[in-house]
Structures are given as structure tokens and as C-alpha cells.
Amino acid sequence: MTGLVVTEAELLAEHDYAELQVVDGRRLHGGFLADGTYQPPRSKVRGPAIEAWSAALRARGGDLLDADASLLTGPRVPNLDQHRLLLANGHGQTFWNQLTTTGKIEARGRVLADLPVPDLAGVVVDDITDWAVGHLGRGLLAAHGLDEGGVAEEEIGGHDAMWFAARDLVFGPDAFDDVEPPERIGRPDPPDRQMPAVTEEIEGLVSFLMNLLIIEFRAEIGFAITQDVFRTPGLFPGREAQAEEAAEIIERIRIDERVHVDSLRLYLGELRSTRFHTVDGSTIAGDELIDPTWDDLVRWATVDQPVLLARQQTDAIEKRLRAHPESERLLAEFRSLNDHAPTL
Ligand SMILES: [Fe+2]
Ligand SMILES: [Fe+2]
């Protein structure tokens, strides 16, 4: 690492682990230092580099894009109490499905490793050679994608494999039929172009980073609920130790995801702090370009979309519960636990 210019090999470098992460004989990414602390994969140089780029951004008067707990609002189905109700009544399929689909969604993140990055250096006014966004296509997105989807050639599991490992510890791999993630719920009237001042390619990259930040940030809700489910006494009789190990695996995913959230806030903070050359030969401040689209996206992701997803989940779960011997009672109790019953 020379100053703030870092090579791709450095950004992919691993800590010197005293112990690798292995669950049930399967190698998963990351590992443990001699003091037992878990370290995310590819973070030996990437971690300090993100801190250094963040400090440099602040020294120039900028800051990371603001993202706080207000991004975590909106109804959730199933919420923690609903998961507990279903599992306590012998219905494991909904939780199993969620662990499976989450793992499959994580696997899709592998595409980041091969994502073509448009020429940002050519469209922003500042020299970004020693900024984080100057490294997006030179190791940062590659590291991020491999964190999500693992390194198949080396048989090292990423987040996808970690969710499946957690699931299999408590249920076994074939407890229920395999399941695919639900259809993506798109916005009913997605605006065509939100940043017409720049090319479609640049808008695509900036918008992609914003969407990814929202997804990564809000994933935290699911992580917290999942760990609480695993740690609820009595829900996994005879598999208490496995349920605790599953919760620990989710904790490691949470630690990894903090690197993703911090880095995405940094990329967007850097882009807000510079000026972009516009298609009509002028320039526009990054925050003017980014903030209106970000505000719009936040409203969609915290207000509109959670209600749509909650309805979709409710329908799917009600369908599954009809096969339960006490379906009426269970459905009534399930609905009474809704976060915002009247809106669903
Ligand atoms: Fe992930
Ligand atoms: Fe992530």
C-alpha cells in the first residue's frame, strides 16, 4: 500500500489467520486471529484502506453518505414474533425458505466481481487516482463480489454458503423442497432517467451503488431477526448448540457486511464531494446529482416497498399454513402479530 493508491492484489489480501472458518467440514471465507476474533475475508489491506480514504475525504471537507437507523423502518413479515410463533407450532418451512432464499440472493452478488466499471476518472473534475472510487474496478468491487458469492475454484464459501451452513445446522439440507427467491418487486412506475445531466452509463453506476447500499443496509433487519430466532430457547429442541453456532455464522456475515456498508457510503460520499462533467459541456456538483435520487430511493425502500413485500410474504405464508392442522388459529395469531396490521 503506497499512500492511498492500492493494488488489486493488496485489496484482495487475506489476514494471517490463526484458524480458518470451517463449519461442518466446509471451508467458509474469513478466519480467526490468534485472539479468537473473526476477520472478514480480503480485509487485511482493504479495511485500513477504507479508513484511510474516509479520513482523506473528511480532511477535504466531505463525509460518507449519511445512512442511519431511519433506513430500517417499514413493516416486516415475518417479524421476530411471527417466526417464533410458526416454529413453536412445528412450522419450520417459512424460516427454512427464508434462509435458503437469502443465501441465493447473496450468491447473485457474485456478479459484482465481474462488473464493468465505466470511466469515472474521465467524467469527474477531481483526480480520483488516490480515492476509493478510483479503485472500484481495481479490486474493490471484485473483493465485494467474492465476499457475497465465494471463490468456487478454491472451494471457499461466501455469504451464500454461510446462510446454507446456518440453515443446515438446525434443519439439515433436505428438510424441505428447494425454493427460489421471490420475484423482484420493481417500482410500479420507475422513472426512466433520474440524472440526465450525465450519461446513462454513469447514472447506471451511481444508481447501482445507491441501490446496493440500501439493500446492504436494510439486510441488517433480517440478520438481527434471524439471530434472535436461532437464539430463542426451545425452538430447536436437541439442536441448541447448532442453533447457537448458526447465530454465530450470521454474526460473521454481519461483520462482513459492515465493510460493504462503510465502503458504499464512502464511494457515494466521494462522488457527492466532486463535480461531474455534464453531457452539455458544463459541470454539476455531485451532491446535486445524487441527493434527489437518493431521497427518492430511500422513500421507496422504507415506505412503499416494505408494504408490497409484506403483502407478498403474507400471501405465501397463508397459503402454506392452510395445510397446518390448526390453520385457522395459527393464521389468526399470525395476523395479530403483524407490524402494522391495518395496512396489510
Ligand atoms: Fe452479503
Ligand atoms: Fe454485502
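Since we're looking at a predicted model, the values are computed, not measured. (Residues numbered from 1 in each chain as written. Chains lettered and ligands numbered in written order. Predicted model: local features only at pLDDT ≥ 70, side-chain atom pairs only at ≥ 80, totals over all residues. Heavy atoms only, no water.)

J.: Could you give me a rundown of the side chain of R252, with the residues and numbers involved?
T.: Structurally, R252 can be placed in helix α8 (residues 240-273). E248 provides the closest opposite charge to the buried, salt-bridge-free R252, at an N-O distance of 4.0 Å. (Helix = DSSP H or I, 4+ residues; strand = E, 2+ residues; numbered from the N terminus. Buried < 20%, exposed > 50% of the residue type's maximum accessible area, 1.4 Å probe, protein only. Lys, Arg positive; Asp, Glu negative; His and termini not counted. Salt bridge = Lys/Arg side-chain N within 4 Å of Asp/Glu carboxyl O.)

J.: Lay out the packing of helix α3 (residues 80-88) against helix α4 (residues 93-108) with the relevant residues and their values.
T.: Contact geometry for α3 and α4: axes closest at 8 Å, N-to-C directions at 125°. Compared by their axis directions, α3 and α4 come out oblique. The residues of α4 that touch α3, namely those facing H83, L86 and L87, are T94, F95 and Q98. Of the residues belonging to the contact of α3 with α4, the class tally is 3 nonpolar, 3 polar and no charged. (Axes fitted to C-alpha atoms, helices over the stretch in contact; angles between N-to-C directions. Parallel < 35°, antiparallel > 145°, perpendicular 65-115°, else oblique. Contact = heavy atoms within 4.5 Å. Nonpolar A, V, L, I, M, F, W, Y, C, P; charged D, E, K, R; others polar.)

J.: How would you explain the sheet that holds strand β1 (residues 19-23) if you had to name every residue and give the values?
T.: A sheet is described by the order of its strands in space; here 3 strands give the open sequence β1-β2-β3, paired in antiparallel fashion. Taken across any chain shown, the strands that pair with only one partner, and hence form the sheet edges, are β1 and β3 (38-39). Where strand β2 (residues 26-32) lies against β3, 2 bridges are found, and the strand directions are antiparallel. Within β3, the position partnered with F32 by the bridge is Y38. (Pairing = 2+ DSSP bridges.)

J.: Pulling in residues and values, what's your account of the coordination of the iron ion (ligand 2)?
T.: Around the iron ion (ligand 2), the protein contributes the donor atoms E148 (OE), E216 (OE), E216 (OE), E257 (OE) and H260 (ND1), which lie 2.0 to 2.4 Å from the metal centre. Between the iron ion (ligand 2) and the iron ion (ligand 1) the interatomic distance comes to 3.2 Å, and E148 is a ligand of both metals. You can see E148 sitting in helix α5 (residues 136-149) and its partner E216 sitting in helix α7 (residues 200-230), a full 68 residues away along the chain. Its relative accessible area of 5% is what places E148 among the buried residues. Judged by its relative accessible area of 6%, E216 is buried. (Donors = N, O, S within 2.8 Å, 3.2 Å for Na, K, Ca; no water.)

J.: Could you give an account of the coordination of the iron ion (ligand 1), naming the residues involved and the relevant values?
T.: Donor atoms from the polypeptide that coordinate the iron ion (ligand 1) comprise E106 (OE), E148 (OE), H159 (ND1) and E257 (OE), at 1.9 to 2.2 Å from the metal. Relative to the metal, the 4 donor atoms surrounding the iron ion (ligand 1) lie at angles of 84 to 145°, and the coordination shape comes out irregular. We note that the donor set of the iron ion (ligand 1) lies within a single chain, spaced as E-x41-E-x10-H-x97-E. (Tetrahedral: all angles 85-135°; square planar, octahedral: opposite > 155°, others 65-115°.)

J.: Kindly report on α5, identifying the contributing residues and their values.
T.: In an α-helix, one turn spans 3.6 residues, which is why side chains three or four residues apart end up on the same side. Taken across its 14 residues, α5 has 12 buried, putting it largely inside the fold. Those residues of α5 that sit buried are L136, G139, L140, L141, A142, A143, H144, G145, L146, D147, E148 and G149. Directly after α5, the chain includes G150, whose backbone phi takes a positive value near 80°.

Geometry only, nothing functional implied.
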